[in-house]
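Coordinate inspection notes
Chain by chain, the residues run as shown.
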Protein chains: 2
Amino acid sequence: MRDVCVIGLGLIGGSLLRAASAAGRAAWGATASGADATAAAGDGFDASTDVAAALRRAAEADALVVLAVPLTEVDDVLREVRECAPGCLLTDVTSVKSPVLAAVRAHAPGTRFAGGHPMAGTTESGWDAGDGSLFRGAAWVVCVEEDTDLVAWTEVARLALDIGAHVVPLPAAAHDEAAARISHLPHLLAAVLATVGAQGGPAALTLAAGSYTDGTRVAGTRPELVRAMTEGNREALLPVLDEALGRLGAMRGSLASTGGLAATITAGNEAAREFARFRAATPAGVRVKLSAPDARDGLRAVGERGGRITAITDGIATGEVS
Amino acid sequence: MRDVCVIGLGLIGGSLLRAASAAGRAAWGATASGADATAAAGDGFDASTDVAAALRRAAEADALVVLAVPLTEVDDVLREVRECAPGCLLTDVTSVKSPVLAAVRAHAPGTRFAGGHPMAGTTESGWDAGDGSLFRGAAWVVCVEEDTDLVAWTEVARLALDIGAHVVPLPAAAHDEAAARISHLPHLLAAVLATVGAQGGPAALTLAAGSYTDGTRVAGTRPELVRAMTEGNREALLPVLDEALGRLGAMRGSLASTGGLAATITAGNEAAREFARFRAATPAGVRVKLSAPDARDGLRAVGERGGRITAITDGIATGEVS
């Protein structure tokens with residue numbers, strides 16, 4: 001089992017260091033945060049504030065390096081990677097994938113990189129909020145581009161599987177578009193709905209029932225987290241926002257002119273039933289031979305069909321599609 | 001206890017006939033639906049398809065007449081009320097209040113009317129879906145205009161209290177604006193979110209987590225129900241839709257230009273915390289003497305402060321405000 005070096009020991013990095021250690025891997029971490037490093041070391045983990053030393057050790061051990069820092073710090077850490085572990089196996093756990101891929105190509109082009117995004121988290125942050133079981137049952141996107149190093153991809157996928165996640169193989173751009181649709185747009189609509197509801201004052205709030213409570217629940221998420229994921233995904237989010245605004249504008253026009261909302265409401269209901277059918281569908285088995293010349297296409301097809309990889313054995317990735 | 005005559009024996013009317021009977025009132029119903037009338041009579045209730053006879057009996061007994069028909073049928077039933085019970089005590093249970101108020105003024109101006117809206121329901125419809133405990137713990141808006149007959153208001157409020165609801169006194173226009181903000185806008189945003197998410201195909205749906213699931217839950221509501229409430233509230237809904245579209249457009253502009261979403265996200269978070277504080281606030285007692293010259297102002301102030309009436313005794317309405 002390959003060693004793991006985690007840079008950044010907040011909620012996700014800290015949970016990963018715990019989970020990798022618990023899975024029997026040699027794992028160490030480093031972070032610019034003295035508080036997180038001290039807390040991690042105090043909990044008995046191999047952790048320090050010396051990022052450069054941790055990376056040099058990764059280079060010597062040919063470990064998998066995991067960047068678990070905020071998007072705004074990725075460039076700086078990549079420069080350290082280029083300096084201390086220029087050819088390492090590399091992944092990240094940031095919530096947007098195309099900007100990180102571009103940054104790796106710009107700042108650490110010699111690394112063997114496959115980006116990742118575990119779809120897990122809580123509203124807390126910092127080492128103390130971490131939990132080694134955080135990834136159990138979670139979807140973990142591991143990115144497959146045309147030129148992705150399949151050794152790196154397999155190492156990242158194995159780590160995710162080892163700690164209880166299942167792997168969704170997708171290109172970075174497909175991940176970012178999907179995240180815009182099913183996470184970033186919902187957060188922004190929730191924010192606007194919460195605001196428009198509260199503008200109605202106590203008379204509105206006292207009548208609020210399920211539709212408002214459900215629709216505004218994620219508006220309570222910490223603003224820094226929502227800003228980081230939405231602003232970081234600007235390129236993929238803008239066309240999705242425009243799609244939503246186009247539909248809302250057409251709906252407004254229809255209500256003002258004919259008074260009818262059938263098109264909007266029927267389409268929404270059909271989409272809701274499609275989602276329910278997708279969730280309830282019986283999955284079929286799938287297998288991808290990782291040494292095949294078209295392995296990248298095979299993996300991407302799994303993700304694009306809404307499927308997942310649940311095991312990798314003897315060079316064969318197996319899983320299910322809906 | 002005043003007798004109750006329910007016109008329309010679907011989910012709400014049928015539940016009301018059951019609840020009023022269980023509360024010890026003399027109660028009868030009529031409906032144009034032969035199926036509902038037969039089912040109600042089969043369950044031992046005093047129910048028929050002869051709406052005119054039921055209304056004449058209400059006129060003789062000076063009963064409270066409750067219109068529990070869809071908005072689209074209100075005008076026709078009001079013409080029968082004018083014919084058979086022109087001076088009766090009258091209320092309704094429709095989900096929009098200004099259009100019904102206007103219809104009563106146009107078609108049955110001699111009635112003593114106070115509009116109502118019990119905030120209760122299920123996704124089912126018809127007599128068989130009814131339940132005598134449906135209104136227990138629910139908010140029931142009973143409208144107070146400048147010229148509302150306080151005897152009628154009190155009779156409607158007493159019926160609501162008798163069957164387990166609490167009463168929110170509000171003008172029709174305030175009810176309709178509040179409903180647009182906390183019910184109709186959420187349903188429409190959920191429909192658009194469901195559609196935009198499903199447009200992402202299986203890759204998006206497989207990554208969907210809490211924000212999408214919560215934000216689209218009510219998109220599964222029966223389209224007829226959502227159309228009836230949103231299209232029926234067109235006048236109040238349009239400015240609320242425009243408020244939401246204005247905020248969404250400003251957000252889109254900010255993301256495209258500066259890349260920042262802080263204003264939207266921070267405002268949404270503050271609104272969510274305001275809603276949570278409102279829900280958690282310790283209520284204070286309130287009392288309104290129904291024979292006082294400013295009783296209507298006193299009642300409206302309760303609703304506008306997010307409060308509710310929980311009892312009426314000896315001409316005094318008591319309740320709480322947050």
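This section reports on the structure supplied with the text. This is a predicted model, so every value here is computed, not measured. (Residues numbered from 1 in each chain as written. Chains lettered and ligands numbered in written order. Predicted model: local features only at pLDDT ≥ 70, side-chain atom pairs only at ≥ 80, totals over all residues. Heavy atoms only, no water.)

Considering the interface of chain B and chain A
Taken together, the 85 residues of chain B in the interface contact 85 residues of chain A. Summed over both partners, the interface of chain B with chain A comes to about 7,500 Å²; 73% of that surface belongs to carbon and sulfur atoms. The interface formed by chain B and chain A contains 4 salt bridges. A salt bridge links Arg-252 of chain B to Asp-242 of chain A; its shortest N-O distance comes to 2.6 Å. At the boundary of chain B and chain A, one finds 27 residue pairs in polar contact (both at pLDDT 80 or more). (Contact = heavy atoms within 4.5 Å. Buried area = accessible area lost by both parts, 1.4 Å probe. Salt bridge = Lys/Arg side-chain N within 4 Å of Asp/Glu carboxyl O. Polar contact = N/O pair within 3.5 Å; in protein donor to acceptor, adjacent residues only side chain to side chain.)

Quick notes on the relation of the copies chain B and chain A
With an RMSD of 0.1 Å, the operation that places chain B on chain A is a rotation of 180° combined with a shift of 0.0 Å along the axis. A rotation of that kind, with that shift, is consistent with a two-fold axis. Using C-alpha coordinates, one finds that chain B approaches the rotation axis most closely at Gly-215 of chain B, a distance of 2.3 Å. Most of the interface of chain B is mirrored in chain A: 100% of its interface residues are interface residues there too. (Least-squares fit on C-alpha atoms with pLDDT ≥ 70 in both.)

So, unusual backbone geometry
For Asp-62 of chain A, which is not glycine, the phi dihedral falls at a positive 50°. Turning to its location among the elements, Asp-62 of chain A is positioned in the loop between helix H3 (51–61) and strand S4 (64–67). With a phi close to 50°, Asp-314 of chain B is a non-glycine residue in the positive phi region. With respect to the helices and strands, Asp-314 of chain B occurs in the loop between strand S11 (308–313) and strand S12 (316–321). (Helix = DSSP H or I, 4+ residues; strand = E, 2+ residues; numbered from the N terminus.)

Considering the sheet that holds S4 of chain A
Residues and elements named next belong to chain A. A sheet is described by the order of its strands in space; here 6 strands give the open sequence S3-S2-S1-S4-S5-S6, paired in parallel fashion. The outermost strands of the open sheet, each flanked by one partner alone, are strand S3 (47–48) and strand S6 (112–113). As paired elements, strand S2 (residues 27–30) and S3 share 2 bridges and run parallel to each other. The residue bridging Ala-30 from the neighbouring strand is Ser-48, located in S3. (Pairing = 2+ DSSP bridges.)

With respect to the packing of helix H11 (residues 234–257) of chain A against helix H11 (residues 234–257) of chain B
The interhelical angle for the contact between H11 of chain A and H11 of chain B, taken along N-to-C directions, is 160°, at an axis separation of 10 Å. Our classification of the angle between H11 of chain A and H11 of chain B gives roughly antiparallel. In the packing of H11 of chain A onto H11 of chain B, the handedness of the crossing is left-handed. Residues of the contact of H11 of chain A with H11 of chain B, tallied by class, amount to 16 nonpolar, 4 polar and 6 charged. (Axes fitted to C-alpha atoms, helices over the stretch in contact; angles between N-to-C directions. Parallel < 35°, antiparallel > 145°, perpendicular 65-115°, else oblique. Left-handed = near helix turned anticlockwise from the far one by under 90°. Nonpolar A, V, L, I, M, F, W, Y, C, P; charged D, E, K, R; others polar.)

Focus: the side chain of Thr-148 of chain A
Residues and elements named next belong to chain A. Mapped onto the elements, Thr-148 comes out in the loop between strand S8 (139–143) and helix H6 (150–162). Polar contacts involving the side chain of Thr-148 include one to the main-chain amide nitrogen of Glu-145, which spans 2.6 Å. If sequence neighbours within four positions are ignored, Thr-148 has contacts with Phe-113, Ala-114, Cys-143, Trp-153 and Arg-296.

Remarks on helix H5 (residues 98–107) of chain B
Helical geometry: 3.6 residues make up each α-helical turn, so side chains three or four residues apart lie on a common side. Restricting attention to buried positions, one finds in H5 of chain B the residues Val-100, Leu-101, Ala-103, Val-104 and His-107 of chain B. Taken down its axis, H5 of chain B places every buried residue within 160° of arc, on the same side. (Buried < 20%, exposed > 50% of the residue type's maximum accessible area, 1.4 Å probe, protein only. Arc of directions from axis to C-beta.)

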